[in-house]
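# An overview of the molecular structure
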Amino acid sequence: MKKKLLVIEDEKNLMEALFDFLSDEFEIIKAFDGEEGLEKFYEKTPDLILLDINLPKIIGWDVCREIRKVSNLPIIIMTARDSDIDEYNGLSIGADDYVTKPFNLKILALKIKKLLKIDGNSVYKFENLFFDAKKGEISVNSESKELTRREIQFLEYMFKNKGIIFSRDQLLNEVWGFDFDGDDRVVDTLVRRVRKKLGEYDFILKTIRGMGYVLDENKN
């Protein structure tokens, strides 16, 4: 499954250049103003955002602030503003990186992959809990348990998006796919199975009443 990049950029030529260069490796979601960008963020649950600053309707600074209220997903600001104070402002409101136009597309792609941790690593660790997505195994206090394909997909998605709350519908879209037309309660059933295999670490998979599920390593 390709990672999803939300590109919020009003320059059509640059948007097409980004699409042509990145679409082989990533699913590209386009938005041409700040308002559309926020709508696509809530609708499509992207993995990373490329964000221009000088946008129609809602400027990029405000888009970044709004997203940071609810999500810690990576944000790369890409802008013609090249002053130190602009870069400082961008990073201080929550952007993970700041690139100035014109930029090298190959370097941008490397920055994206670094932020998304696309490096072949598939092992996630918390205290004495180990999850190996490639092997399809979870280990708690050295006791290994096998996972089904769906459990692997679900747990890897949650580990990669720690701290983000996902509704049942969002998880159905991300784990089962958009063509799934069954009961959304299958998510609850899957969560119960995964919690059982997590053993004493079942607390990391939390239910947020009225909202959905989140992977949170806080024991409170």
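Okay, the overall build of the protein next. When you go through the protein residue by residue, the secondary structure sums to eight helices and 11 strands. What you see for the protein is a C-alpha radius of gyration of 19 Å, in line with the 17 Å of a compact globule of 220 residues. Expressed as lengths along the three principal axes of its C-alpha atoms, the size of the protein is roughly 55 × 35 × 35 Å. Taking all 220 residues of the protein together, 45% fall into the buried category. Contacts in the protein between residues far apart in sequence, at least 24 positions, make up 54% of those at least 6 positions apart. Surface accessibility of the protein: about 11900 Å² in total, with carbon and sulfur atoms responsible for 48%.

For the rest of this paragraph, the subject is the nonpolar core. Ranked by internal contacts, the top residues of the largest apolar core, which has 30 residues, are Leu-129, Phe-131, Phe-154, Leu-155, Met-158, Phe-159 and Leu-171. At the level of elements, β6 (123-126), β7 (129-132), β8 (137-140), α6 (149-160), α7 (168-176), α8 (186-198) and β11 (212-215) are the ones that each hand at least two residues to this core. Top element by residues in this core is α6. It accounts for six residues. Aside from chain neighbours lying at most four places away, what touches Leu-171 is Phe-154, Tyr-157, Met-158, Phe-166, Trp-176, Val-187 and Tyr-213.

The tally for this structure, following the rule as stated, stands at eight aromatic pairs. Summarising the aromatic geometry, the rings of Phe-41 and Tyr-42 are spaced 4.9 Å apart at their centres and angled 65° between planes, so their arrangement reads as edge-to-face. A residue is classified by how much of its surface remains accessible, and Phe-41, at 8% relative accessible area, is buried. Between Tyr-124 and Phe-131, the ring centres sit 5.8 Å apart and the planes meet at 20°, which makes this aromatic pair stacked. Here Phe-131 falls in the buried class, since its relative accessible area comes to 0%. An aromatic cluster is present here, built from Tyr-124, Phe-131 and Phe-159 joined pairwise through their rings. One Lys or Arg, Lys-30, reaches over the ring of Phe-19 and ends 4.6 Å from the middle of that ring.

A separate point is the pattern of salt bridges. A complete count under the given rule lists 19 salt bridges for this structure. In this structure, Lys-69 and Glu-66 form a salt bridge, with 3.5 Å as the shortest nitrogen-oxygen distance. Residue Lys-69 is classed as exposed on the basis of its relative accessible area, which comes to 63%. Of the charged contacts, one joins Arg-193 and Glu-151 as a salt bridge, the two residues approaching to 2.8 Å between their closest N and O atoms. A residue pair is termed long-range when its members are at least 10 positions apart, and Arg-193 in helix α8 and Glu-151 in helix α6 qualify at 42 residues. A network of salt bridges, in which partner residues are shared, links Glu-9, Glu-11, Asp-52 and Lys-101.

As a further point, take the pairing of β11. Relative to β11, strand β10 (residues 205-208) runs antiparallel, the two sharing four bridges. Within β11, the residue paired with Thr-207 across the bridge is Tyr-213. Adjacent in sequence and paired antiparallel, β10 and β11 are bridged by three residues, among which Gly-210 carries a positive phi angle near 80°.

Reading the values: the criteria
- For every chain, the first residue of the written sequence is number 1, and numbering continues from 1 onward in sequence order.
- Totals for whole chains, interfaces and linings use all residues, but because this is a predicted model, local features are given only for residues with pLDDT of at least 70 and pairs of side-chain atoms are given and counted only at 80 or more.
- Side-chain calculation: all heavy atoms of the structure are included, whereas hydrogens and water are not.
- Numbering goes from the N terminus for both helices and strands, where a helix is a DSSP run of H or I of at least four residues and a strand is a run of E of at least two.
- Based on C-alpha atoms, the radius of gyration is set beside the globule rule, defined as 2.2 Å times the residue count to the power 0.38.
- The buried label applies to any residue whose accessible area, calculated with a 1.4 Å probe on protein chains only, is under 20% of its type's maximum; exposed applies above 50%, and partly exposed to all values in between.
- The contact definition used throughout considers only heavy atoms, calling two residues in contact when any of these lie within 4.5 Å.
- Using a 1.4 Å probe, accessible areas were evaluated by the Shrake-Rupley method; residue-level cover was limited to the displayed protein chains.
- Put simply, a nonpolar core is a bunch of buried Ala, Val, Leu, Ile, Met, Phe, Trp, Tyr and Cys residues held in one set by side-chain atoms that sit within 4.5 Å of each other.
- Here the aromatic set is Phe, Tyr and Trp, taking the six-membered ring for Trp, and pairing holds for ring centres within 6.5 Å; pairs whose planes are under 30 degrees apart are stacked, those over 60 apart are edge-to-face, and all others are tilted.
- Only when the NZ of Lys or the CZ of Arg is both within 6 Å of the ring centre and within 35 degrees of the ring normal is a charge said to sit over the ring.
- We define a salt bridge as a side-chain nitrogen of Lys or Arg found within 4 Å of a carboxyl oxygen belonging to Asp or Glu.
- Pairing between strands is defined by DSSP: at least two bridges between them are needed.

Interpretation note: all reported values are geometric properties and have no functional meaning in isolation.
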